Amino acid sequence: MSTPSTSSTQTGSSTQAGAISRFFTQGRLAVAALFLLLTLFLALNVLSTTLFTSTRLDLTEEGLFSLSDGTEALLESMEEPVTLKFYYSEALGREVPFYGIYAGRVRDLLGEYAARSDGMVRIEIYDPEPFTELEDRAVSDGLQQIPLQEGGEQVFFGIAGTNLTDDLEVIPFLQPERETFLEYDISRLIFALAKPKRTVVGIVTSLPMQGTVRMNAMGQQTPVAPYILADQIGATYETRYLNADFDKVPDDVTVLMLAHTAALGPRAQFAVDQFLLGGGKALILVDPFAEAESGQAQFFGQTTPDSSNLEMLFDHWGVVYDPTKVAADRLTARKVQPGEGRRPVDYVAWLELRGGNIDQSSPITTNVSTVAVASAGHIALADGAAVTMTPLLTTSLGSAELDVKQVKGMRSPEALLRSYEPGPRPLVLAARLTADKMTTAFPDGPPEKALKEGDEAPDAKEDAAYKAKFPQVLTDSIAPLDVIVIADSDVLADRFWVRVQQFFGRRVPVPVSGNGDFVLNSLDALSGSSTLLGLRGRGSTSRPFEVLEQIEREAEKQYAAREEQLQKTLAETEQRFDELRRSMPEGSAAIVTEQEQAEIEGYRQEILRIRSELRAVQRSVREDVDRLESALWFYNIALVPILITVLALILAFWRSLRRRRRHTSVAAG
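These figures come from a predicted structure and were not determined experimentally.

## A look at the overall build of the chain
Step number 1: Per the secondary structure count, the chain includes 14 helices and 24 strands.
Step number 2: Partitioning the contacts of the chain with sequence separation of at least 6, the portion at a separation of at least 24 is 75%.
Step number 3: A total accessible area of about 36,300 Å² is found for the chain, and carbon and sulfur atoms account for 55% of it.

## Structural notes on helix α8 (residues 266-277)
Step number 1: Counted at 1.5 Å a residue, the expected span for α8 with its twelve residues is 16 Å, and the 16 Å between its end C-alpha atoms agrees.
Step number 2: Of all twelve residues in α8, eleven are buried, a share of seventy percent or more.
Step number 3: Taken together, the buried positions of α8 are occupied by R267, A268, Q269, F270, A271, V272, D273, Q274, F275, L276 and L277.
Step number 4: Looking at the buried side of α8, the elements it contacts are β11 (255-259), β12 (281-285), α9 (311-317), α11 (460-468) and β22 (481-486).
Step number 5: Positive phi shows up at G279, right after α8, with a value of about 105°.

## Digging into the sheet that holds strand β2 (residues 121-126)
Step number 1: Across the sheet, which stays open at both edges, the four strands sit in the order β2-β1-β5-β6 with mixed pairing between neighbours. The open sheet has two edge strands, β2 and β6 (168-171), and neither has a second partner. Direction aside, neighbouring strands of the sheet carry axes that sit 20° apart on average.
Step number 2: Direction of pairing for strand β5 (residues 157-162) relative to β6: antiparallel, over a ladder of four bridges. Opposite I159, over in β6, you have I171 as the bridge partner.
Step number 3: The sheet contacts of helix α6 (residues 182-194) involve β1 (82-88), β2, β5 and β6, and relative to β6 the element is tilted by about 170°.

## Points about the packing of aromatic side chains
Step number 1: Scanning the entire structure with this criterion turns up 16 aromatic pairs.
Step number 2: Each ring, one from Y466 and one from F470, has its centre 5.9 Å from the other, and the planes form 70°; the classification is edge-to-face.
Step number 3: Relative accessible area serves as the criterion here: at 9%, F470 is assigned to the buried category.
Step number 4: What links up through ring pairs into an aromatic cluster is the set F86, Y88, F98, Y99, Y102, F157 and F173.
Step number 5: We note K248 situated over the ring of F470; from NZ or CZ to the ring centre the distance is 5.9 Å.
Step number 6: Looking at R267, its charged tip hangs above the ring of Y466, at a distance of 3.7 Å from the centre.

## Here we look at the pattern of salt bridges
Step number 1: All chains considered together, the criterion is met by 15 salt bridges.
Step number 2: Salt-bridge contacts for K469 lead to D247; the nearest nitrogen and oxygen are separated by 3.0 Å. With K469 in the loop between α11 and β22 and D247 in the loop between β10 (238-241) and β11, this pair connects stretches of sequence that are 222 residues apart.
Step number 3: When its relative accessible area of 21% is taken as the criterion, D247 is described as partly exposed.
Step number 4: Each member of the salt-bridge network shares a partner with another, and the members are E72, E112 and R116.

## Observations concerning the pairing of strand β24 (residues 506-511)
Each regular strand displays side chains that alternate between the two surfaces of the sheet.
Step number 1: Strand direction decides the pairing type here: strand β23 (residues 498-503) and β24, joined by six bridges, are antiparallel. Bridged to F503 within β24 is R506.
Step number 2: Between β23 and β24, which pair antiparallel one after the other, the connecting turn spans two residues, and F504 there sits at a positive phi close to 50°.

## With respect to the environment of N243
Step number 1: Turning to its location among the elements, N243 is positioned in the loop between β10 and β11.
Step number 2: Taking the C-alpha atoms as reference points, N243 and I203, separated by 40 residues in sequence, lie 8.7 Å from one another.

## Digging into the environment of E352
Step number 1: Checked against the element boundaries, E352 lands in strand β16 (residues 345-354).
Step number 2: Taking the C-alpha atoms as reference, E352 lies 6.0 Å from R334; in sequence the two are 18 residues apart.
Step number 3: Those residues within four positions of E352 in sequence are excluded, and the remaining contacts are T332, R334, V371 and A372.
Step number 4: Within the structure, E352 has its side chain in polar contact with the side chain of R354 (distance 3.0 Å).

## Concerning the side chain of Q232
Step number 1: On the secondary structure map, Q232 appears in helix α7 (residues 228-236).
Step number 2: Residue classification places Q232 among the buried residues on the basis of a relative accessible area of 17%.
Step number 3: Setting aside anything within four residues of it in sequence, one finds Q232 in contact with W497, P509 and L520.

## Some thoughts on the packing of α7 against helix α12 (residues 515-527)
Step number 1: One way to put it is that α7 packs onto α12 with a least axis distance of 11 Å and a crossing angle of 35°. As for how α7 packs across α12, the hand of that crossing is right-handed. In this structure, α7 uses L229, Q232 and I233 to contact α12, whose residues at the interface are N515, G516, V519, L520 and L523.
Step number 2: Looking at the contact of α7 with α12 residue by residue, the classes come out as five nonpolar, three polar and no charged.

## Describing the nonpolar core
What tends to happen in soluble globular proteins is that the nonpolar side chains get buried as a cluster.
Step number 1: By size, the foremost hydrophobic cluster in this structure holds 63 residues, and its most contacted members are M209, M257, L283, V407, L492 and F518.
Step number 2: For L283, the residues in contact, after removing those within four places along its chain, are L256, M257, L258, I484, I486, V519, S522, L523 and L526.

## Topic: a nonpolar patch on the surface
Step number 1: Taken together, the side chains of L34, L37, L40, L44 and L47 make up a nonpolar region of the molecular surface, amounting to roughly 510 Å² of accessible area.
Step number 2: Tracing the sequence through the fold places L40 in helix α1 (residues 2-51).
Step number 3: Using a relative accessible area of 48% as the deciding quantity, one classes L40 as partly exposed.

## Observations concerning the sheet that holds strand β17 (residues 370-374)
Step number 1: Taken in spatial order, the three strands line up as β15-β16-β17 in an open sheet, and their pairing is antiparallel. Lying at the two open borders of the sheet, with one neighbouring strand each, are β15 (333-336) and β17. Between one strand axis and the next, the sheet turns through 45° on average, direction left out of account.

## With respect to a positive patch on the surface
Step number 1: Taken together, the side chains of R655, R658, R659, R660 and R662 define a basic patch exposed on the protein surface.
Step number 2: Examined against the element boundaries, R659 turns out to sit in helix α14 (residues 594-668).
Step number 3: For R659, a relative accessible area of 41% gives the class partly exposed.

## Regarding the environment of S527
Step number 1: For S527, the position within the fold is in helix α12.
Step number 2: Beyond its immediate stretch of four places on either side in the chain, S527 contacts T199, Y237 and V255.
Step number 3: A polar contact of 3.1 Å, which involves the side chain of S527, links it to the backbone oxygen of D524.

## Points about the packing of helix α4 (residues 97-116) against α6
How two helices sit against one another is set out by the angle between their axes and by the gap between those axes.
Step number 1: At their nearest, the axes of α4 and α6 sit 11 Å apart, and the two run at 45° to each other. Relative to α6, α4 is oriented oblique. Here the hand of the crossing between α4 and α6 comes out right-handed. On the side of α4, the interface is formed by Y102, R105, V106, L109, L110 and Y113, while α6 contributes L182, E183, I186, S187 and I190.

## Quick word on the confidence of the model for the chain
Step number 1: Mean pLDDT over the chain works out to 80, with 75% of the residues at or above the 70 mark.
Step number 2: pLDDT under 50 marks residues 537-543. Its contacts with residues more than four places away, or in other chains, come to 23 contacts.

Quick notes on the rules
Residues numbered from 1 in each chain as written. Predicted model: local features only at pLDDT ≥ 70, side-chain atom pairs only at ≥ 80, totals over all residues. Heavy atoms only, no water. Helix = DSSP H or I, 4+ residues; strand = E, 2+ residues; numbered from the N terminus. Contact = heavy atoms within 4.5 Å. Areas by Shrake-Rupley, 256 points an atom, 1.4 Å probe, with all protein chains shown as cover. Expected span 1.5 Å × (residues − 1). Buried < 20%, exposed > 50% of the residue type's maximum accessible area, 1.4 Å probe, protein only. Pairing = 2+ DSSP bridges. Axes fitted to C-alpha atoms, helices over the stretch in contact; angles between N-to-C directions. Phe/Tyr/Trp six-rings, centres within 6.5 Å; stacked < 30°, edge-to-face > 60°. Lys NZ or Arg CZ within 6 Å of the ring centre and 35° of its normal. Salt bridge = Lys/Arg side-chain N within 4 Å of Asp/Glu carboxyl O. Polar contact = N/O pair within 3.5 Å; in protein donor to acceptor, adjacent residues only side chain to side chain. Left-handed = near helix turned anticlockwise from the far one by under 90°. Nonpolar A, V, L, I, M, F, W, Y, C, P; charged D, E, K, R; others polar. Core = buried A, V, L, I, M, F, W, Y, C linked by side-chain atoms within 4.5 Å. Patch = residues over 30% accessible without salt bridge, like charges linked within 9 Å, V, L, I, M, F, W, Y side chains within 5 Å. Lys, Arg positive; Asp, Glu negative; His and termini not counted. Charge placed at Lys NZ, Arg CZ, Asp CG, Glu CD. Parallel < 35°, antiparallel > 145°, perpendicular 65-115°, else oblique. pLDDT = per-residue confidence, 0-100.

Below is the structure:
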């Protein structure tokens with residue numbers, strides 16, 4: 001009986017020893033595997049830092065951490081090196097960590113430029129501490145000093161660039177608000193240094209693009225800052241402002257910009273005609289009603305005209321444009337505040353174009369996400385037109401035409417919305433006009449001078465001097481016609497597309513729409529410089545939720561009429577109530593009749609009832625939106641964790657079931 005017992009004991013001991021041995025063997029294998037994985041991880045990191053310094057994988061939707069094609073093309077086309085000096089005070093990052101994070105982003109991007117440029121872009125990084133030679137150098141390079149605190153240390157955070165001829169371009173202070181424009185700002189700086197001979201843009205305008213001085217209500221002179229777009233155009237091009245009575249476009253002008261000009265005389269239009277026939281390009285902005293400058297009297301000039309046209313040239317090209325008509329669109333209307341305490345309403349004459357309203361096949365608008373226009377006109381082609389039209393900006397299907405009188409003076413957004421009647425087709429707000437061959441709009445040659453009342457007729461000597469400016473009058477084009485027409489001048493005005501912040505005396509533009517991108521891209525395309533086209537479109541900060549906007553529009557359309565009626569009834573009731581109270585003599589409360597008291601109480605109850613009903617209507621407008629927002633909150637916050645939890649429970653149950661089956665099979669064996 002002892003033998004079986006001893007054998008059983010030995011078998012148990014052997015089994016236990018084998019299990020312990022397997023445990024330690026598996027443990028050693030696990031440790032060895034972890035060690036090998038750690039070694040492989042370190043080796044891959046070392047190899048990646050040495051062999052793949054310029055290789056990155058950017059998984060962001062817009063490639064925010066990669067250089068754009070335009071930047072790549074710019075770096076490849078550089079013929080002389082550029083040095084970028086990045087001045088960053090480490091003290092700024094220590095005191096304000098947000099700036100430290102942004103500085104890291106700037107440093108990484110500058111590293112990308114250096115890695116991709118094959119040595120043509122050199123990066124120098126400095127920490128200019130107070131009272132040092134580096135601080136003096138930063139100041140002399142044009143960087144802006146910012147105090148960390150009142151009376152405290154001065155810090156720097158900017159970029160200064162130089163080329164071999166010591167030209168200097170500066171970003172005085174890198175604003176975090178312009179982070180989405182960081183690549184464009186740096187590439188523009190490099191472009192200006194790499195190509196010091198800049199394209200000349202001639203500008204003719206009745207708008208105060210360069211700034212002006214006006215009289216305020218107190219009779220004092222008030223300076224008006226230049227348009228942000230004027231500064232941006234001047235940063236990329238050499239600008240030449242021409243008077244409206246010019247009779248010849250200067251020979252060095254490559255692109256002519258006609259921005260809401262006053263009525264150009266025959267000689268000015270003849271000059272434009274000859275410029276275009278000779279191969280020049282033009283950006284033309286006309287407008288049935290210039291909202292931004294309407295009625296603004298300029299102290300050193302005339303009042304900006306409400307409308308503009310280029311009738312002689314448009315008629316010759318076959319372009320149909322009516323300066324008395326405004327394009328209206330219910331689907332892209334911008335919200336405005338019609339009055340104090342009233343809910344914002346869609347103003348169908350002010351549009352914010354996006355998506356299908358912007359031609360995404362054109363390099364001019366491919367990366368432009370939004371464009372804001374105000375009381376814009378529209379253009380079309382007549383039968384047999386001499387030009388081909390490629391639309392760039394269009395309204396939505398079912399747009400309408402308004403008479404310009406409906407948007408002038410005391411206008412009512414609610415009334416326009418209520419009377420809105422959809423039209424049969426979209427309307428073209430901006431387009432590129434091209435033609436392989438074009439004839440002159442002045443077959444009889446240089447026109448006579450347009451005389452105003454009191455002007456003297458030009459003498460023979462003056463007339464001969466004018467005609468001598470055109471030794472060869474072109475009757476046919478020597479190069480294809482290329483013109484961009486925008487039927488709105490308010491795309492240039494700051495108030496419609498950019499928020500301007502003041503930062504220690506400097507104006508910092510923060511775009512909320514892509515107007516600047518669109519205009520600058522148009523000039524780039526006309527001047528033949530496509531380098532920066534792909535960069536500016538990254539700058540739009542407006543990311544609306546289009547589904548929510550559509551639901552809100554439908555709800556507002558459904559309840560707008562009822563709300564307006566209640567608002568009107570409420571105003572009338574409150575007015576009658578006030579008239580009744582004012583008609584009662586002071587101190588006569590004791591002799592108020594029961595009928596008058598009942599009438600007063602009736603008015604009070606009516607006001608309360610109307611206000612209650614009005615609140616109910618306004619709540620109804622938000623119900624669909626609130627439901628969708630709640631659903632989105634659930635999908636984004638709760639749904640994914642719930643799905644993961646359910647999946648984990650199912651997996652745990654499946655594993656438990658497998659273990660139970662395995663144990664059952666072992667026991668059965």
